[in-house]
Amino acid sequence: MDATEAADKTERFMALHHGDAPLLMPNPWDIGSAKLFESLGFRALATTSSGFAATLGRLDGSVTRDEALEHAAALAAATDVPLSADLENCFAEDPEGVAHTVTLATWTGLAGCSVEDYSRASDSIYERALAVDRVAAAAEAAHRGPTRLVLTARAENFIHGNTDLADTIARLQAYQSVGADVLFAPGVIAADDIRVLVGSVDAPVNVLATPNAPTVAEMAKLGVARISVGGSLAYVALGAVVTAARELLDDGTFGYWDVANPGRMAARSAFASDRPSAP
């Protein structure tokens with residue numbers, strides 16, 4: 001991908017955050033799922049750390065920086081829509097390490113990436129001043145590279161037991177002030193909380209879809225700019241496989257073909273352009 005193509009993807013990705021309805025951004029876990037989602041009409045995609053880890057037989061948080069960047073580059077090359085990468089905490093504790101990871105990401109064909117304010121190493125949220133410095137370093141690297149990346153800054157409070165909305169908003173406001181393009185507080189799903197959050201910042205807000213989240217139409221009314229699904233669609237696929245395999249193992253029947261056939265047809269349609277031509 002040349003610089004012009006990469007810049008076009010980034011511009012399209014940022015523009016999609018300012019449409020009349022929230023940008024629906026599913027999270028593929030491999031090249032096949034990425035191409036499938038693109039074929040269904042989704043206009044942007046994002047990697048999922050948990051979904052990708054599952055393809056390697058691992059739990060979330062066990063993927064290395066090199067693995068995550070190689071995975072992101074492969075998905076970006078396989079699709080024509082903008083792709084953002086879940087880079088967890090950018091695989092670094094210090095701002096310099098964060099900047100290095102984002103700098104590497106600028107060479108992968110990505111249109112965006114994210115940085116979290118949670119440390120797996122200490123199982124804690126970074127102290128706010130350090131968290132802000134980390135986002136500032138990520139933003140500077142994302143915006144100075146060979147192509148500009150749309151940086152999403154994540155406040156992880158709610159999914160780690162701290163439901164202090166005021167602190168979460170203060171963090172997001174600070175991340176916005178140092179250059180974050182999109183703001184994200186996974187776990188904030190109550191309509192009133194989303195309304196307050198969106199009204200407290202100027203940058204587009206992403207919401208993670210969960211079972212108790214408002215509908216897409218309701219989130220549109222709340223001013224949400226983007227909706228992602230994390231590893232849920234990867235786990236839907238795994239769940240379907242478990243159900244089918246259990247039927248085969250326990251019952252010796254093949255009723256799972258009722259589900260397999262639509263998937264087979266979708267795959268044939270999505271992957272048709274990659275079929276080798278006859279010699």
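In this report, the structure presented in the accompanying data block is examined. Everything numeric here is computed off the predicted structure, so don't read it as measured data.

### Here we look at the packing of aromatic side chains
- What the rule picks out here adds up to three aromatic pairs.
- Geometrically, the ring pair formed by W29 and F37 is edge-to-face, given 6.0 Å between the ring centres and 75 degrees between the ring planes. The burial state of W29 is the same as that of F37; both residues are buried.
- Ring centres 6.5 Å apart and planes at 25 degrees place the aromatic pair Y256 and W257 in the stacked group.
- Ring pairing ties together the aromatic residues W29, F37 and F42, which thus form one cluster.

### With respect to the nonpolar core
- Membership of the largest hydrophobic core comes to 61 residues, with the highest contact counts inside it found for L87, V102, L151, L172, Y175 and L183.
- By residue number, the principal contributor to this core is helix α6 (residues 128-144), which donates eight residues.
- Residues in contact with L172, not counting those within four places in the same chain, are A153, A155, L183, F184, A185, L197 and V201.
- In this structure, F13, L23, A46 and V182 belong to the second largest nonpolar core, which totals nine residues.

### Comments concerning the packing of helix α5 (residues 95-105) against α6
- In contact at an axis separation of 8 Å, α5 and α6 are set at 30 degrees when each is read in the N-to-C sense. Put simply, α5 runs roughly parallel to α6. The element α5 and its partner α6 pack so that their crossing is right-handed. Along its contact with α5, which presents P95, V98, A99, V102 and T103, the element α6 presents L130, D133, R134, A137, A138, A141, A142 and R144.
- Within the contact of α5 with α6, the residues separate by chemical class into nine nonpolar, one polar and three charged.

### A closer look at the pairing of strand β7 (residues 150-154)
- Counting buried residues along β7, five of its five residues qualify, which places the element largely inside the surrounding structure.
- The two faces of β7 match: V150, T152 and R154 on one face and L151 and A153 on the other face are all buried.
- Here strand β4 (residues 112-116) runs beside β7; their pairing, made up of five bridges, is parallel. When the bridges of β7 are listed, S114 appears paired with T152.
- Relative to strand β8 (residues 182-184), β7 is paired through three bridges, and the arrangement is parallel.

### What about helix α2 (residues 31-40)?
- Three or more residues of α2 are buried, namely S33, A34, K35 and F37.
- In the core, the buried residues of α2 are packed alongside β2 (45-46), α4 (65-78), α10 (232-251) and α11 (257-270).
- At the N-terminal end of α2, a side-chain oxygen is found 3.3 Å from the backbone nitrogen of G32, two or three residues along, and the residue is D30.
- Immediately beyond the C-terminal end of α2, within one or two residues, lies G41, with a positive phi of roughly 110 degrees.

### Description of the pattern of salt bridges
- Evaluation of the coordinates by the stated rule reveals 13 salt bridges.
- D167 is paired through a salt bridge with R128; the nearest N and O atoms lie 2.5 Å apart. Pair noted here: D167 is in helix α7 (residues 165-177) and R128 is in helix α6, with a separation of 39 residues, a long-range link.
- D167 sits in the buried class, given a relative accessible area of 14%.
- Looking at R128, the relative accessible area reads 35%, which means it is partly exposed.
- D167 is the partner of R171 in a salt bridge, and the nearest nitrogen-oxygen pair spans 3.1 Å. In this pair, R171 and D167 both sit in helix α7, four residues apart, roughly one turn of the helix.

Criteria and thresholds
Residues numbered from 1 in each chain as written. Predicted model: local features only at pLDDT ≥ 70, side-chain atom pairs only at ≥ 80, totals over all residues. Heavy atoms only, no water. Phe/Tyr/Trp six-rings, centres within 6.5 Å; stacked < 30°, edge-to-face > 60°. Buried < 20%, exposed > 50% of the residue type's maximum accessible area, 1.4 Å probe, protein only. Core = buried A, V, L, I, M, F, W, Y, C linked by side-chain atoms within 4.5 Å. Helix = DSSP H or I, 4+ residues; strand = E, 2+ residues; numbered from the N terminus. Contact = heavy atoms within 4.5 Å. Axes fitted to C-alpha atoms, helices over the stretch in contact; angles between N-to-C directions. Parallel < 35°, antiparallel > 145°, perpendicular 65-115°, else oblique. Left-handed = near helix turned anticlockwise from the far one by under 90°. Nonpolar A, V, L, I, M, F, W, Y, C, P; charged D, E, K, R; others polar. Pairing = 2+ DSSP bridges. Polar contact = N/O pair within 3.5 Å; in protein donor to acceptor, adjacent residues only side chain to side chain. Salt bridge = Lys/Arg side-chain N within 4 Å of Asp/Glu carboxyl O.

Spatial relationships are all this shows, so hold off on functional conclusions.
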